[in-house]
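Structure at a glance
Now for the letters of each chain:
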Amino acid sequence: MLKKSRSVKSATCTLTFALPSTVLDGPVSVVGTFNDWTPGVHPLRRRSNGTASTSVVVPAGSTVRFRYLGPQGRWFDDVDADEITPEGSVVRA
């Protein structure tokens, strides 16, 4: 699940990346243009609602490319992204 929350006042968009915790077989982080593709900067944390999630704030109107990085270097995309390309998931904030 990918959630977008725009703030008109600050001209930003909070992107919340969430996955069902039942599909996680170890630590997962979201990496992308918002963190220079650096693994581990935005790890998904388990929540009481059965998901694991993290949030990032980006400029409203920006295009963000990202992927999830799981155990053993396994990369995967988000089916809820605006677009999935060979380079990964794309979301328009």
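Below, the structure is looked at part by part. These numbers come from a predicted model, not from an experiment. (Residues numbered from 1 in each chain as written. Predicted model: local features only at pLDDT ≥ 70, side-chain atom pairs only at ≥ 80, totals over all residues. Heavy atoms only, no water.)

To continue, consider the environment of Ser-89. As for its placement among the helices and strands, Ser-89 is situated in strand β9 (residues 88–92). Residue Ser-89 is classed as buried on the basis of its relative accessible area, which comes to 0%. A polar side-chain atom of Ser-89 sits 3.0 Å from the main-chain amide nitrogen of Asp-78. (Helix = DSSP H or I, 4+ residues; strand = E, 2+ residues; numbered from the N terminus. Buried < 20%, exposed > 50% of the residue type's maximum accessible area, 1.4 Å probe, protein only. Polar contact = N/O pair within 3.5 Å; in protein donor to acceptor, adjacent residues only side chain to side chain.)

All told, the structure shown has five aromatic pairs when counted by the stated rule. Through a chain of ring-to-ring contacts, three or more aromatic side chains come together here, namely Phe-17, Phe-34, Phe-66, Tyr-68 and Phe-76. (Phe/Tyr/Trp six-rings, centres within 6.5 Å; stacked < 30°, edge-to-face > 60°.)

Right, let's get into the sheet that holds strand β5 (residues 51–59). The strands that make up a sheet are held in pairs by hydrogen bonds between backbone atoms, and each pair lies either parallel or antiparallel. The strand order across the open sheet formed by four strands is β1-β2-β5-β4, and the pairing between neighbours is antiparallel. Edge positions in the sheet fall to β1 (2–7) and β4 (45–46), since each has one partner strand and no second. (Pairing = 2+ DSSP bridges.)

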